[in-house]
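# Understanding the architecture of this molecule
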Amino acid sequence: MTVRKSQATLTADEKRAFTNALLELKRTGVYDRFVTTHNAFLRSDSDFGDRVGHRGPSFLPWHRRFLLDFEAELQKVDPKVALPYWDWTVDRTPASSLWAPDFMGGTGRPQDGQVLDGPFAYSGRRWNITVGVDRYPFLRRSLGAGGAQLPTKAEVNAVLDMPEYDAAPWNSSSGGFRNHLEGWRGAGLHNRVHVWVGGHMLTAASPNDPVFWMHHAFVDMLWAEWQRRHPKSPYLPAAATPNVVDLRRPMRPWNNVTPADMLDHRRFYTFDTEGAAPRRP
Ligand code: CU
Ligand code: CU
């Protein structure tokens with residue numbers, strides 16, 4: 001069973017295994033298929049039309065399945081690899097080991113945001129950006145630019161305490177847990193982290209930056225924590241809602257995956273924080 005751990009606790013060997021698997025998927029073209037899929041969904045998801053990956057209730061199950069597919073590809077390269085999560089309420093500065101040259105590499109240079117060190121630096125010739133939104137072929141970042149701050153534990157806790165999963169009109173103006181976690185309202189949690197990293201993370205092609213996976217693995221973990229705090233709160237909407245994916249409707253691009261299929265992460269993996277917990281019947 002896959003156990004997802006905090007990136008802060010990975011050993012040097014585990015970091016190397018993860019970055020090597022990322023580089024291998026990049027080399028074979030598998031990686032960029034995922035970037036292409038994300039780019040297409042982010043661009044077509046809209047508040048007043050169909051929304052699948054973003055701006056609607058299925059934001060969380062869609063990304064859970066997207067990460068599962070990606071993790072399965074990593075595990076074809078190296079079965080020991082699991083997606084780490086980045087707890088940005090704790091590891092919250094550009095000086096964090098997350099951004100060291102033996103892992104993600106650091107921020108970009110001032111004039112164009114080019115990441116200069118680590119496995120994904122352009123000079124290493126192993127991380128060319130091919131699914132892009134601009135003219136630059138290199139990975140770009142600007143960590144904490146303009147004095148931006150990552151969300152705090154208190155801000156996360158306030159959102160985890162919200163009892164209702166989602167609410168009409170089921171888009172980026174909704175009240176409820178999902179929209180506050182996605183970050184269109186309130187403290188801006190998930191969206192604000194994309195902004196803090198900057199560069200490619202600010203674009204529809206955000207998975208070009210491999211930190212995307214660790215950010216979303218943590219968002220996914222927060223969903224699991226919300227479920228633990230609110231065991232009687234269901235996924236909403238239950239049925240028959242135009243333009244959004246209700247509980248038992250299939251989510252594109254998969255033919256056969258519904259939000260209901262994604263509700264219990266323990267079918268697929270656990271987090272290091274719940275290792276000793278008994279499996280739910
Ligand atoms: Cu996304
Ligand atoms: Cu995101």
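Residues numbered from 1 in each chain as written. Chains lettered and ligands numbered in written order. Predicted model: local features only at pLDDT ≥ 70, side-chain atom pairs only at ≥ 80, totals over all residues. Heavy atoms only, no water.

## Here's the deal with the coordination of the copper ion (ligand 1)
Heads up, the rule is: Think of the donor list as every N, O and S atom within 2.8 Å of the metal, or within 3.2 Å for Na, K and Ca; water never makes the list, so a site can look incomplete. Numbering goes from the N terminus for both helices and strands, where a helix is a DSSP run of H or I of at least four residues and a strand is a run of E of at least two. Exposure is judged per residue with a 1.4 Å probe applied to protein chains only, and the accessible area is read against the type maximum: over 50% gives exposed, under 20% gives buried, and values in between give partly exposed.
The protein atoms that coordinate the copper ion (ligand 1) are His 38 (NE2), His 54 (NE2) and His 63 (NE2), at distances of 2.0 to 2.1 Å. For the copper ion (ligand 1), all donor residues lie on one chain, and their spacing in sequence is H-x15-H-x8-H. The metal-metal distance between the copper ion (ligand 1) and the copper ion (ligand 2) is 4.0 Å. Separated by 25 residues along the polypeptide, His 38 in helix H2 (residues 30-44) and His 63 in helix H3 (residues 59-77) bring together distant segments of the chain. Each member of the pair, His 38 as well as His 63, carries the same accessibility label: buried.

## Some words on the coordination of the copper ion (ligand 2)
A four-donor tetrahedral metal ideally has 109.5 degree angles, and a six-donor octahedral metal ideally has angles of 90 or 180 degrees. Of the protein atoms, only His 190 (NE2), His 194 (NE2) and His 216 (NE2) coordinate the copper ion (ligand 2), at distances of 2.0 Å. Counting the intervening residues between successive donors of the copper ion (ligand 2) yields the motif H-x3-H-x21-H.

## Section: the side chain of Asp 246
Applied cut-off: The term polar contact refers here to a pair of N or O atoms within 3.5 Å; inside protein, the definition further demands a hydrogen-donor-capable atom paired with an acceptor-capable atom, and it admits residues adjacent in sequence only when both atoms are side-chain atoms. In this description, contact between two residues means that some pair of their heavy atoms is separated by no more than 4.5 Å.
Within the secondary structure layout, Asp 246 lies in the loop between helix H7 (211-229) and helix H8 (259-262). Note on Asp 246: relative accessible area 6%, which makes it buried. There is a polar contact of 3.5 Å between the side chain of Asp 246 and the backbone nitrogen of Thr 241. Those residues in contact with Asp 246 that sit more than four places away from it in its chain are Tyr 235, Pro 237, Ala 238, Ala 239, Ala 240, Thr 241 and Pro 259.

## Some details on the environment of Trp 196
Structurally, the position occupied by Trp 196 is in helix H6 (residues 189-197). Relative accessible area serves as the criterion here: at 2%, Trp 196 is assigned to the buried category. Taking the C-alpha atoms as reference points, Trp 196 and Met 214, 18 residues apart in sequence, are found 14 Å from one another. Setting aside residues no more than four positions away along its own chain, Trp 196 makes contact with Trp 86, Arg 92, Thr 93, Pro 94, Trp 99, Ser 142, Leu 143, Gly 144, Ala 145, Ala 148, Gln 149 and Leu 150. A polar atom in the side chain of Trp 196 sits 3.4 Å from the backbone oxygen of Ala 148.

## With respect to the nonpolar core
Counted only if it meets this: Throughout, nonpolar core names a set of buried Ala, Val, Leu, Ile, Met, Phe, Trp, Tyr and Cys residues whose side chains join them through atoms within 4.5 Å.
In terms of nonpolar packing, the biggest core is built from 71 residues, with Leu 22, Trp 86, Trp 88, Met 104 and Trp 213 touching the most fellow members. Sorting the residues of this core by element identifies helix H1 (12-28), H2, H3, helix H4 (153-160), helix H5 (177-182), H6, H7 and strand E2 (269-271) as the ones contributing at least two each. No other element matches H7, which puts twelve residues into this core.

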